[in-house]
Amino acid sequence: MMNTPESRVPLIAGNWKMHKTIAEATALAQAVRDGISNPPPAEVVLAPPFTALAAVAQVLSGSPIQLAAQNTFWERHGAYTGEISPQMLVDAGCQYVIIGHSERRQYFGETNDTVNRKITAALSAGLKPIVCIGETLKEREARETLGRISNQIQEGLAGLTAGQVERLVMAYEPVWAIGTGRTATPQQAQEVHAFIRQLLQDHFGAQVAGSLRLLYGGSVTPDNIRELIGEPDIDGALVGGASLKADSFLCLAALGQR
Ligand code: PGA
């Protein structure tokens, strides 16, 4: 296998989506914290819903596990009823924030432009964005996958400097693989990951492209993670369903190393 730069420590992130009460989230975070080996085999990040962030931050405090929010707004404060700023996420104990998840693009009007604003705002608040991109089934069947990815990168990362992009984690999540049990094959995922890295190299240089972590997401389970992470351009996973139970997530974290 080719050598990967040290900056590309595998990262396994659990996206809990709209699941878990505060009590349930606290219990799951405790089980993950207590079950993880120290030092952890991979970098591990949990993304509970907003309501549970502060409680989970307390559980994770002093552990190597990091905390992510699932979304953010781009303004710092103001009359934006229902929104949460990056500064508020830092205050709640987050180090990471997921931006542009396909469910937000699909159901909540997220666009490449809003993704772009959110990335800039998150970075200036000191958060590390996990930026999601990916094609729909219709786009894949119409052979528009690479065009779609290219558009999401060009518009989503527009105006960012190489220094800013270097601080991102990106996640390739084909929409047809999310929550469907239909994982991309390692070859399909690797093909797009290599394409993303090439695009990043064209726009931001070889140093950034070589050091940025690219996660795969979409029906990742303990049964398929080894194959996926065995691909040279896959640096970890963004996991939905299999992150909701401590045993499967701990298994993923243990297997999610090179
Ligand atoms: P899934 O979700 O693992 O349940 O497919 C992945 C995601 O949406 O990040």
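See the structure printed just above.
Cut-offs and rules
Residues numbered from 1 in each chain as written. Predicted model: local features only at pLDDT ≥ 70, side-chain atom pairs only at ≥ 80, totals over all residues. Heavy atoms only, no water. Near = heavy atom within 4 Å. Polar contact = N/O pair within 3.5 Å; in protein donor to acceptor, adjacent residues only side chain to side chain. Areas by Shrake-Rupley, 256 points an atom, 1.4 Å probe, with all protein chains shown as cover. Nonpolar A, V, L, I, M, F, W, Y, C, P; charged D, E, K, R; others polar. Helix = DSSP H or I, 4+ residues; strand = E, 2+ residues; numbered from the N terminus. Contact = heavy atoms within 4.5 Å. Salt bridge = Lys/Arg side-chain N within 4 Å of Asp/Glu carboxyl O. Buried < 20%, exposed > 50% of the residue type's maximum accessible area, 1.4 Å probe, protein only. Phe/Tyr/Trp six-rings, centres within 6.5 Å; stacked < 30°, edge-to-face > 60°. Lys NZ or Arg CZ within 6 Å of the ring centre and 35° of its normal. Pairing = 2+ DSSP bridges. Axes fitted to C-alpha atoms, helices over the stretch in contact; angles between N-to-C directions.

1. Points about the site of the ligand
Lining the immediate environment of the ligand, one finds 13 residues, of which Lys 17, His 101, Glu 173, Gly 179 and Ser 219 sit closest. The separation between an oxygen atom of the ligand and a polar side-chain atom of His 101 is 2.6 Å. Here an oxygen atom of the ligand and a backbone polar atom of Gly 240 are 2.8 Å apart. For the ligand, whose free accessible area comes to 280 Å², the fraction covered by protein is 95%. The residue inventory of the shell around the ligand, partitioned by class, reads four nonpolar, seven polar and two charged.

2. Points about the environment of Thr 221
Mapped onto the elements of the fold, Thr 221 is located in the loop between strand S7 (213–217) and helix H11 (225–229). A C-alpha to C-alpha distance of 7.9 Å links Thr 221 and Val 239, two positions 18 residues apart in sequence. Leave out the neighbours within four places in its chain, and Thr 221 touches Ala 242 and Leu 252.

3. A few points about the pattern of salt bridges
Inspection of every chain in the model, using the stated rule, returns twelve salt bridges. The partner of Glu 43 in a salt bridge is Arg 213, and the shortest N-O contact between them spans 2.7 Å. Here the residue Glu 43 occupies a position in strand S2 (residues 43–47), and Arg 213 occupies one in strand S7, the gap between them amounting to 170 residues. Pair check on accessibility: Glu 43 and Arg 213 agree, each one buried. The network of salt bridges with shared partners includes Arg 8, Arg 197, Asp 233, Asp 235 and Arg 258.

4. As for the side chain of Glu 139
Mapped onto the elements of the fold, Glu 139 is located in helix H6 (residues 137–141). Residue Glu 139 is classed as buried on the basis of its relative accessible area, which comes to 17%. Each residue touching Glu 139, except ones within four places of it in the same chain, is listed here: Glu 144, Thr 145 and Arg 148.

5. Let's talk about the packing of aromatic side chains
All told, the structure shown has four aromatic pairs when counted by the stated rule. When the centroid spacing of 4.5 Å and the interplanar angle of 35° are considered together, the rings of Phe 73 and Trp 74 count as tilted. The class of Phe 73 is buried, set by a relative accessible area of 11%. Take Trp 74: its relative accessible area is 23%, and that puts it in the partly exposed class. Between the aromatic rings of Phe 73 and Tyr 80, the centroid separation amounts to 5.0 Å while the plane-to-plane angle is 50°, which identifies the pairing as tilted. Put simply, the rings of Phe 73, Trp 74 and Tyr 80 touch in pairs and so form one group of aromatic residues. Positioned over the ring face of Trp 74 is Arg 117, at 4.8 Å from the centre of the ring.

6. Re the sheet that holds strand S3 (residues 66–69)
Where strands meet in a sheet, backbone hydrogen bonds hold them as pairs that are either parallel or antiparallel. One closed barrel accounts for eight strands, arranged S1-S2-S3-S4-S5-S6-S7-S8; its pairing is parallel. Between one strand and the next, the sheet's axes are offset by a mean angle of 25°, whatever the strand orientation. Its contacts with the sheet put helix H2 (residues 53–60) on S2 and S3, and the angle it makes with S3 is roughly 170°.

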